[in-house]
Structures are given as C-alpha cells and as structure tokens.
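One letter stands for each residue in the lines below.
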Amino acid sequence: PGNSGRTKAVVSTQSTGGYYQRYVDDAAGFARSKQEAEDRHALIAAADADNRIKWEVDFPEPGQYTPFLDTEVGVEKDGRITTRYYRKPQDKGLTLHALSHHPTNTKTAVARNFYETAELTSSGEVEKEHSLKLVDELLLQNGYQNTRQYHKKKKKKKRGEAVQDSDSYHHSTLYY
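Analysis parameters
Residues numbered from 1 in each chain as written. Predicted model: local features only at pLDDT ≥ 70, side-chain atom pairs only at ≥ 80, totals over all residues. Heavy atoms only, no water. Patch = residues over 30% accessible without salt bridge, like charges linked within 9 Å, V, L, I, M, F, W, Y side chains within 5 Å. Areas by Shrake-Rupley, 256 points an atom, 1.4 Å probe, with all protein chains shown as cover. Salt bridge = Lys/Arg side-chain N within 4 Å of Asp/Glu carboxyl O. Helix = DSSP H or I, 4+ residues; strand = E, 2+ residues; numbered from the N terminus. Pairing = 2+ DSSP bridges. Axes fitted to C-alpha atoms, helices over the stretch in contact; angles between N-to-C directions. Contact = heavy atoms within 4.5 Å.

Student: Can you walk me through a nonpolar patch on the surface in this structure?
Tutor: Taken together, the side chains of I53, W55 and V57 present a nonpolar region at the surface, about 240 Å² in accessible area. Its location among the elements puts V57 in the loop between helix 1 (34-46) and strand 4 (65-68).

Student: Can you walk me through the sheet that holds strand 4 in this structure?
Tutor: By way of backbone hydrogen bonds, the strands of a sheet pair with one another, either parallel or antiparallel. The strand order 4-5-6 describes an open sheet built from 3 strands, whose pairing is antiparallel. Looking along the sheet, the strands with just one partner apiece sit at the ends: strand 4 and strand 6 (81-85). Neighbour to neighbour, the strand axes of the sheet diverge by 30 degrees on average, direction disregarded. One ladder, built from 5 bridges, connects strand 5 (residues 71-75) with strand 6; its direction is antiparallel. Bridge pairing links T71 to Y85 in strand 6. Here helix 3 (residues 125-141) sits on the sheet in contact with strand 4, strand 5 and strand 6, set at roughly 15 degrees to strand 6.

As structure tokens, this is what we get:
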C-alpha cells in the first residue's frame, strides 16, 4: 500500500479546521457541524458550472461508518474520528487464489499487502481487529490456510540503528 502512484489533493480551511480531499472521482471531507458541511457542499457544488457532479453527503451517527474508497470513517460521540478497512458489499471476495499457478512469493505478497492495508486504514485496536477479520475471511474464501501467518510485522532498520518494533509507530495518515 502506501500512496505511491495515487494523486492526492487536500484543501484545508484554517478558520474552521475543515478538511476536504479528492481522489479522481471520489471526494471526502470533515466539518465541525452539519451546517458547515452543507455550506462547504454548496460552495463546491457551485463551482460545477455544468452541474454534472452528483454529491452524496453523509452524516454518520456515533457507532456508524461512512465508506470512502477502501476506508470506513466514523465519528464518535466525543468528536473523535475513527477509521477501519472497508470492502464493498457487492465485492465478490475474489483475489489471487492460493492454488493459482503464480509464484508463492507473489501470493504471499498479495496476502501481506491486504493485512498492511487493513492496519494502515485502522485508527485503533478495535478498528484494527475488525479490519484484520475482513482480510482473514477474504483469504480463507480464496484457499489460504493459517491466514495470520501472512500478517507479520516488518521490522525496519535504518543503517546504523537498532531494529524497532513496528508497534512503536503511530499511523495517522489516511490513504485514499
């Protein structure tokens, strides 16, 4: 994962602390209130001179999530934003099958990348466990056994530095 090869445009309004992000034909934004979100929606829609862009504005209730690409975004009662991995309901659950004739290292890389994406899109331990279960189910459906064996944390080492456990890092970037 990561965001290599993906374009990213972020516009932030400092006066309101708002956030808006677009990826090709998908856009996401956060606002402090429904009114601020509706105002921002109206400004963006007004910029569409041909009136060809269709907008869907979601206001998730606490405990509910709104999908954006491969991430679900939720807002807790205290205003904290939580994220977790998402797969569309119409997704057929197909990926590179474990019994395919691809090299083993390719199949291993596919499985590890799913787990890495699940971790990177999850904001906390509860969300991470939810995300990892989605990946477990996907891989089991595609013939992989002992799926968590592919969920090995890579230990990164810079030249001249001791290896640190990846649990010591906090990921706060949403990849779109």
